[in-house]
Amino acid sequence: MKKTPFILPILLLVLSVISCGKDDDGSDNPPTAYECETCPDQPAAKAAFDTNSGGIYKGIVIGSSGTIVLNINNDNSEVTAILTIDGDVINLTSTVAWTEGESYLAPFTGTYNGTDITVTFSVDATGENPVIVTSDIPGHPNAVFTIVKELSTMLVEGFEGTYSTTEPTSGTFNILLSRDINQWGGNARENGTNETTEISGSISNNVLIEDEGGQEVATLNGDVIDGESTDGDGYTLTVHGERTL
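Residue numbers run consecutively from 1 along every chain, following the written order of its sequence. pLDDT decides what is reported in this predicted model: residues at 70 or higher carry local features, side-chain atom pairs at 80 or more are listed and counted, and totals for whole chains, interfaces and linings draw on all residues regardless. Computation of side-chain values: all heavy atoms of the structure, hydrogens and water removed.

What follows is about the overall build of the chain. Where helices and strands are cited, they refer to DSSP runs of H or I of at least four residues and of E of at least two residues respectively, numbered from the N terminus. Counting its regular elements, the chain contains one helix and 16 strands. For the exposure calls, accessible area comes from a 1.4 Å probe over protein chains only, and a residue counts as buried if that area is under 20% of its type's maximum, exposed if over 50%, partly exposed in between. For the chain, the proportion of its 245 residues judged to be buried stands at 41%. It only takes one pair of heavy atoms within 4.5 Å for two residues to be counted as in contact. Look at the contacts in the chain between residues 6 or more apart in sequence, and 43% of them connect residues 24 or more apart.

Here it is, written out as structure tokens:
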């Protein structure tokens, strides 16, 4: 009597057990956590510009979602900016020269989907109050920017994410943070609206705590923020974001 027919079911069972013990990529290793491979781990800002209008400025964008990095003579060269929005990278330049000891106001121009765009940047002579004054980005008429000056001693990181509540509402949750000074801030916008809410707070033991009400919003773990909490109205807030800057 041949016993071959019994070998096949046993072999399939063994293969099934082995397969269940592996990841989808066929390895025995657990999946790795998200990491922003292009994000720096040290400030690009030069110490010579820490107290003036030159240097590096970083920002997050809502409408739809993105980041911006402005280089104001940080490398003793022309002023440039890199705007990333909805995954598209747009190189911007300005013809306005930077002068030490003076405030800086300049339009940055580039091309997006074949159309000219303009983002106008302003900052005080001391490097304080950096802001995008106006922006003309086709398809993004209600873009809102949050800009922070990076220092030679303070790395600024940008996170793009989402939030949802059991109210129910959901939307975009984009922030900048610095682990060097344990502070964070940015904007949230509910889906389907043009209303933007400023958010800010502190970081304690890798937990993001909102200034208003002292609510624990999320936990910072490497290049990821995740959290679930209950707000003052009893709704559950869920936040997830990943570092992109």
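Structure shown, so let's carry the discussion forward.
Okay, the side chain of glutamate 210 next. Tracing the sequence through the fold places glutamate 210 in strand β13 (residues 207-210). The sign given to each residue is positive for Lys and Arg and negative for Asp and Glu; His and the chain ends receive no count. By definition here, a salt bridge exists when the distance from a side-chain nitrogen of Lys or Arg to a carboxyl oxygen of Asp or Glu is within 4 Å. It turns out glutamate 210 is buried and unbridged, and the closest side chain with the opposite charge, arginine 189, is 16 Å from it.

A pair of strands counts as paired when DSSP detects no fewer than two bridges linking them. A barrel is described by the order of its strands in space; here eight strands give the closed sequence β9-β10-β11-β12-β13-β14-β15-β16, paired in antiparallel fashion. The mean inter-strand angle of the sheet, taken between neighbouring strand axes irrespective of direction, is 25 degrees. Note on geometry: axes are C-alpha line fits, over the in-contact stretch for helices, and angles between N-to-C directions span 0 to 180 degrees.

Let us now look at unusual backbone geometry. The step from glycine 63 to serine 64 runs through a cis peptide bond, and the omega angle for that step is 5 degrees. If you trace the backbone, serine 64 turns up in the loop between β1 (55-62) and β2 (65-72). Here the phi dihedral of asparagine 73 falls at roughly 60 degrees; this positive angle occurs in a residue that is not glycine. With respect to the element layout, asparagine 73 can be found in the loop between β2 and β3 (80-85). Residue asparagine 129 is not a glycine yet carries a positive backbone phi of 55 degrees. Note on placement: asparagine 129 falls in the loop between β6 (115-123) and β7 (131-136). Assessed through its relative accessible area of 55%, asparagine 129 is described here as exposed.

Attention now moves to the packing of aromatic side chains. Each aromatic pair joins two rings of Phe, Tyr and Trp (for Trp, the six-membered one) with centres within 6.5 Å, and gets the label stacked for planes under 30 degrees apart, edge-to-face for over 60, and tilted for any other angle. Summed over all chains, the structure comprises three aromatic pairs. Note on phenylalanine 49 and tryptophan 98: the rings are 5.5 Å apart at their centroids and 75 degrees apart in plane angle, and the pair reads as edge-to-face. Within this pair, whereas phenylalanine 49 is found in the loop between α1 (4-20) and β1, its partner tryptophan 98 is found in the loop between β4 (88-93) and β5 (104-112), the two being separated by 49 residues in sequence. Since its relative accessible area comes to 8%, phenylalanine 49 is described here as buried. With a centroid separation of 6.4 Å and an interplanar angle of 40 degrees, the aromatic rings of phenylalanine 173 and tryptophan 184 are classed as tilted.

The term disulfide is used for any two cysteine sulfur atoms that are within 2.5 Å. Under the counting rule described, the total for this entry stands at one disulfide. With a sulfur-sulfur separation of 2.0 Å, cysteine 36 is cross-linked through a disulfide to cysteine 39. Handedness of the cysteine 36-cysteine 39 disulfide follows from its S-S torsion of about 70 degrees: it is right-handed. By the burial criterion, cysteine 36 is buried, and cysteine 39 matches it.

Next up on the list: the confidence of the model for the chain. Within a predicted model, pLDDT stands for the predictor's per-residue confidence, ranging from 0 to 100. On average, residues of the chain score 88 in pLDDT, and 87% of them reach the 70 mark or higher. Low pLDDT, under 50, characterises residues 1-22; the stretch is placed with three contacts to residues that sit more than four places away or in other chains.

Here we take up a nonpolar patch on the surface. Together, Leu105, Val131 and Val133 line one region of the surface with nonpolar side chains, adding up to about 260 Å² of accessible area. Checked against the element boundaries, valine 131 lands in strand β7. Of the residues examined, valine 131 reaches a relative accessible area of 38% and is grouped as partly exposed. Note that patches include only residues with greater than 30% relative accessible area and no salt bridge, and the join distances are 9 Å for like charges and 5 Å for nonpolar side chains (Val, Leu, Ile, Met, Phe, Trp, Tyr). Values of accessible area rely on a 1.4 Å probe in the Shrake-Rupley scheme; residue burial ignores everything except the protein chains shown.

Another aspect to go through is a negative patch on the surface. The atom standing in for a charge is NZ when the residue is Lys, CZ when it is Arg, CG when it is Asp and CD when it is Glu. On the surface, a cluster of negative charge is contributed by Glu167, Glu190, Glu195 and Asp233. Classification of aspartate 233 by relative accessible area gives exposed; the value is 64%.

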